[in-house]
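Residues per chain are reported as follows:
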Amino acid sequence: MSIDPAALGVYTANDATAHAGRAPKNQMDSEMFLNLLVAQLKYQDPTAPMDTSEMMAQTTGLATMEQLTSLSTVVQESFALTMRDTAAALLGRTVTYVNADGQTITGKVSSVKYEGAVPTVEVDGESIPLDAVASVTDQTLGSDSGMESGGTPDQLPAGGANGADADPAA
């Protein structure tokens, strides 16, 4: 028995021109899965109904797919937040990048913008995508202390935060 994909809301590239109002589905989602499952149940042979273990396997597949989709969304959001945090940490730092002319440029990050998918940092008046930054120097131009350059406490000079030698046993 043949099942009409259009009745299920599933369209191929050829069907897209016939149904200009609806875009073809490029990936399987839970709605499509449920439509296929309902169609299987609706059009099954009553003398040979679907095996319950097969139905459970399909339902488990749907739940797994939904969890993976949810996990993928969380990972994407986490990556976006990490890029924002990384861009903000570059404020006042010296970075190196290669410009459109192929020249290696080094300069101080003066601002960060979050307007697009990839944050941009402003270096000497030029907006640079975060993923174009090739290197980051621990110190700002003209500075010689890790803390003045926005460094972390573990990047302090050997004398510690107050310049005195710290006793590691204390």
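Residues numbered from 1 in each chain as written. Predicted model: local features only at pLDDT ≥ 70, side-chain atom pairs only at ≥ 80, totals over all residues. Heavy atoms only, no water.

1. Examining helix H4 (residues 52–89)
Test applied: Numbering of helices and strands runs from the N terminus; a helix is a DSSP stretch of H or I covering at least four residues, while a strand is a stretch of E covering at least two. Given the number of residues in a helix, its expected span is that number minus one, multiplied by 1.5 Å. For every residue, the accessible area (1.4 Å probe, protein chains only) is compared with the maximum for its type, and the residue is labelled buried under 20%, exposed over 50%, or partly exposed between those bounds. Any pair of residues with heavy atoms lying within 4.5 Å of one another is described as a contacting pair.
For H4, spanning 38 residues, the distance from its first C-alpha to its last is 55 Å, which sits close to the expected 56 Å at 1.5 Å a residue. By the burial criterion, the buried members of H4 are Gln-58, Leu-62, Met-83 and Ala-87. Buried residues along H4 sit against helix H3 (30–42), strand S2 (104–113) and strand S3 (120–123).

2. Looking at the confidence of the model for the protein
This is how it is decided: Within a predicted model, pLDDT stands for the predictor's per-residue confidence, ranging from 0 to 100.
The predicted model of the protein averages 73 in pLDDT, with 64% of residues at 70 or higher. Highest mean pLDDT in the protein belongs to S3 (93); lowest belongs to helix H2 (residues 13–18) (49). Every residue in residues 143–168 is under pLDDT 50, and counting partners more than four places away or in other chains gives 20 contacts.

3. Focus: the nonpolar core
The test is simple: Grouping buried Ala, Val, Leu, Ile, Met, Phe, Trp, Tyr and Cys residues that are joined through side-chain atoms within 4.5 Å yields what is termed a nonpolar core.
If you look at the biggest cluster of nonpolar residues, it comprises 12 residues: Met-83, Ala-87, Leu-90, Val-95, Tyr-97, Val-109, Val-112, Val-121, Val-123, Ile-128, Leu-130 and Val-133. Secondary-structure elements contributing two or more residues to this core are H4, strand S1 (94–98), S2 and S3. Beyond its immediate sequence surroundings of up to four residues, Leu-130 is in contact with Met-83, Thr-86, Ala-87, Leu-90, Val-118, Pro-119 and Thr-120.

4. A short note on the pairing of S3
Worth spelling out the cut-off: Two strands form a pair only when DSSP identifies at least two bridges running between them.
On S3, burial follows the alternation: Val-121 and Val-123 on one face are buried, whereas Thr-120 and Glu-122 on the facing-out side are not. In this structure, S2 lies alongside S3, joined through four bridges in antiparallel fashion. Each bridged residue has a counterpart across the sheet, and for Lys-113 the counterpart in S3 is Thr-120. With four bridges connecting them, S3 and strand S4 (residues 126–129) associate as antiparallel partners. The residue bridging Val-121 from the neighbouring strand is Ile-128, located in S4.

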